[in-house]
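Geometric and topological summary
Here is how the chains run, residue by residue.
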Amino acid sequence: MISEKMRQALNEQINKEMYSGYLYMAMSAHCNDQGLEGFAHWYMVQYHEEMFHAMKIYEYLLDQGSKPVLLAIEKPQESWDSPMDVLKATLEHEKVVTASIHSLMRQAEEENDYASRIFLQWYVTEQVEEEKNAADIITRMEISMGSNGPGLYMLDRELKSRPVTIPTSFVGPLGAED
Ligand code: FEO
């Protein structure tokens, strides 16, 4: 069992992960509208990853005998001024998510909730990767091309090849998807 406080905090994290997916879906739609199919693909893969992050918590709550309660998802921003603005907004958003995960981990430590600590460790590691992914694309954009022109076209083509590495089904015991 987990505490009521932890149950509520994990429910809120489900909402944050789903908002992340919603935000990246909006970014995908925006990039598609701008003719950047590769960026749009990259963000749609990111959308699926965020849904996976949300569902892992959902399954964890069920495994702990705690009912997940779904909260309203905030409307995301619709458009950005440039591809670089989209990327920078992504990195800033991931930093916010990282802070939220760290806060959850602190709570688990304060409560001596060993199961949640172990569970949350996956997210701590994942956030390092999430921030790195966004920061790496920003760096490549800055170094090799500026924010438009042929370099942007090449980067867009490259992003289109991002593979989908998460499962498309969330059915199964927790952790089997790792
Ligand atoms: Fe679920 Fe991008 O953090």
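Preceding this paragraph is the structure being described.
Residues numbered from 1 in each chain as written. Predicted model: local features only at pLDDT ≥ 70, side-chain atom pairs only at ≥ 80, totals over all residues. Heavy atoms only, no water.

Quick look at the nonpolar core
In summary, soluble globular proteins display a tendency toward joint burial of nonpolar side chains. Formally: In these notes, a set of buried Ala, Val, Leu, Ile, Met, Phe, Trp, Tyr and Cys residues joined through side-chain atoms within 4.5 Å is what counts as a nonpolar core. Relative accessibility decides the category of a residue: with a 1.4 Å probe and only protein chains considered, values under 20% of the type maximum give buried, values over 50% give exposed, and everything between is partly exposed. By definition, any uninterrupted DSSP run of H or I lasting at least four residues is a helix, any uninterrupted run of E lasting at least two residues is a strand, and each is numbered from the N terminus. Note on contacts: a residue pair is in contact if any heavy atoms of the two residues lie within 4.5 Å.
Core analysis: the biggest nonpolar cluster contains 23 residues, and Met27, Cys31, Phe39, Tyr43, Leu87 and Met141 have the highest contact counts within it. When contributions to this core are tallied by element, the ones reaching two or more residues are α1 (4-33), α2 (37-63), α3 (83-110), α4 (114-144) and α5 (150-159). Looking at this core element by element, the count peaks at six residues for α1. In contact with Leu87, not counting residues within four places along its chain, are Phe39, Tyr43, Ile137, Ile138 and Met141. If you look at the next biggest cluster of nonpolar residues, it comprises 18 residues, including Ile2, Leu104, Tyr123 and Val124.

Topic: α5
Worth spelling out the cut-off: The directions considered for the arc run from the helix axis to the C-beta atoms.
Among all positions in α5, only Gly151, Leu152, Leu155, Asp156 and Leu159 are buried. Down the axis of α5, the buried side of the element spans an arc of 140°, and every buried residue falls inside it. Pointing more than 90 degrees away from the buried face of α5 are the exposed residues Pro150, Tyr153, Met154 and Arg157.

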